[in-house]
Amino acid sequence: MEGPFIRIEDTGEVVPLRPEITTVGRGRGVDIRLTDPSVSRLHAEFVRRGPYLYVVDLGLSRNGTRVNGRPIARRVLDDGDVVSFGAARGRVGGIPREDFVPEVELRRAAAPELTRREVDVLTSLCRPALSDEAFVAPATAREIADDLVVTEAAVKQHLLRLYQKFRIPEGTNRRTRLANEVVALGLVRPTPVVPPQRATGGGEPAPATTAVGRRAS
């Protein structure tokens, strides 16, 4: 097979990777669909840049992405690397060999300067990721508008500026890409969540829990 591909361990299926971006997950709209319950609906993506291939964990998954057993955020891949999405695994091939093997993750750019309203929009965008669900999609423009009590049009304008500031290219899953970048940069901080006291029983209220903005791998 010409060009990069991944061989799925469970089925032996060989899937060629797209020229630019190949999405991986359990949802119906992804390019590589994995049925293992530990895989999120939109779990990760492969990105091709010239002769290089790297994998990106999309950040809102509890089970994470690993390369050769090591948890990663982004990682340049070499021919023969084993990539794990939760419990599902595959081996990549068809990558041109180089004189060196990249062993480090790609560094993320520093966070851009943000206005107070842009911070509010990002916080609302990523709020679903603070739940205890294994995977929750980021908030929609309508949901952000309702949360901040502004118009949906205003939210969309803020999102367009944020895409530019964080250099999120046009294409599918753009909100998810933005949310992933924000969570990875630590701009969404853990916040204490205090459960409401029970109306009856008179017992001690449950201890406060902490919502996690970025899941541990």
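Residues numbered from 1 in each chain as written. Predicted model: local features only at pLDDT ≥ 70, side-chain atom pairs only at ≥ 80, totals over all residues. Heavy atoms only, no water.

Colleague: Is there a simple way to think about the overall build of the protein in this case?
Modeller: Helix and strand counts for the protein stand at 4 helices and 13 strands. Counting all 217 residues of the protein, 42% fall into the buried class. Counting contacts in the protein only where the partners sit at least 6 residues apart, residues at least 24 apart contribute 47% of the total. (Helix = DSSP H or I, 4+ residues; strand = E, 2+ residues; numbered from the N terminus. Buried < 20%, exposed > 50% of the residue type's maximum accessible area, 1.4 Å probe, protein only. Contact = heavy atoms within 4.5 Å.)

Colleague: Help me understand the sheet that holds strand β8 (residues 70-72), please; the structure alone is not making it clear to me.
Modeller: Strand pairs in the sheet, formed through backbone hydrogen bonds, run parallel or antiparallel to each other. What the 6 strands build is an open sheet, ordered β2-β1-β11-β10-β7-β8; its pairing is antiparallel. With one partner strand each, in any of the chains shown, β2 (14-16) and β8 form the two edges of the open sheet. Neighbouring strand axes in the sheet, compared pairwise and without regard to direction, differ in orientation by 30 degrees on average. Sheet topology places strand β7 (residues 65-67) next to strand β10 (residues 82-85); 3 bridges connect them, and they run antiparallel. Among the inter-strand pairings, Arg66 is bridged to a residue of β10, identified as Ser84. (Pairing = 2+ DSSP bridges. Axes fitted to C-alpha atoms, helices over the stretch in contact; angles between N-to-C directions.)

Colleague: Even after reading the chapter, I still don't get the side chain of Ser124, so can you show me in this structure?
Modeller: Topologically, Ser124 is positioned in helix α1 (residues 116-126). Not counting residues within four places of it along the chain, the set of residues in contact with Ser124 comprises Ala139, Ile144, Asp147 and Leu148.

Colleague: Any chance you could explain helix α3 (residues 152-165) here in plain terms?
Modeller: Note on helix geometry: an α-helix contains 3.6 residues per turn, so any two residues three or four positions apart are oriented the same way. For α3, spanning 14 residues, the distance from its first C-alpha to its last is 20 Å, which sits close to the expected 20 Å at 1.5 Å a residue. The complete set of buried residues in α3 reads Val155, His158, Leu159, Leu162 and Tyr163. For α3, the angular spread of the buried residues around the axis is 145 degrees, confining them to a single face. Away from the buried face of α3 by more than 90 degrees, exposed residues Ala153 and Gln164 are located. Arg167 sits one or two residues past α3 and shows a positive phi near 55 degrees. (Expected span 1.5 Å × (residues − 1). Arc of directions from axis to C-beta.)

Colleague: Would you take a moment to explain the sheet that holds strand β9 (residues 74-76) for this structure?
Modeller: Taken together, the 5 strands give an open sheet; going across it, the order is β4-β3-β5-β6-β9, and neighbouring strands pair in mixed fashion. Among the strands making up the open sheet, the edge pair consists of β4 (32-33) and β9. Sheet topology places strand β6 (residues 52-57) next to β9; 3 bridges connect them, and they run antiparallel. Paired with Tyr54 across the strands is Val76, a residue of β9.

Colleague: Can you help me understand the nonpolar core in this one?
Modeller: Where a protein is soluble and globular, its nonpolar side chains tend to be buried together. Judged by nonpolar contacts, the single largest core of 20 residues is most densely connected at Ile6, Ile32, Phe46, Val55, Leu77 and Phe85. Setting aside its immediate chain neighbours within four residues, Leu77 contacts Phe46, Leu53, Tyr54, Val55, Val67, Val83, Val92 and Ile95. Counting 19 residues, the second largest nonpolar core, distinct from the first, contains Leu125, Cys126, Ala141 and Ala145. (Core = buried A, V, L, I, M, F, W, Y, C linked by side-chain atoms within 4.5 Å.)

Colleague: I tried to follow the side chain of Ser84 on my own but got confused; where do I start?
Modeller: Its location among the elements puts Ser84 in strand β10. Overall, Ser84 belongs to the buried group, its relative accessible area being 9%. Setting aside residues up to four positions removed in sequence, Ser84 forms contacts with Gly64, Thr65, Arg66 and Arg89.

Read these as spatial facts, not as claims about activity.
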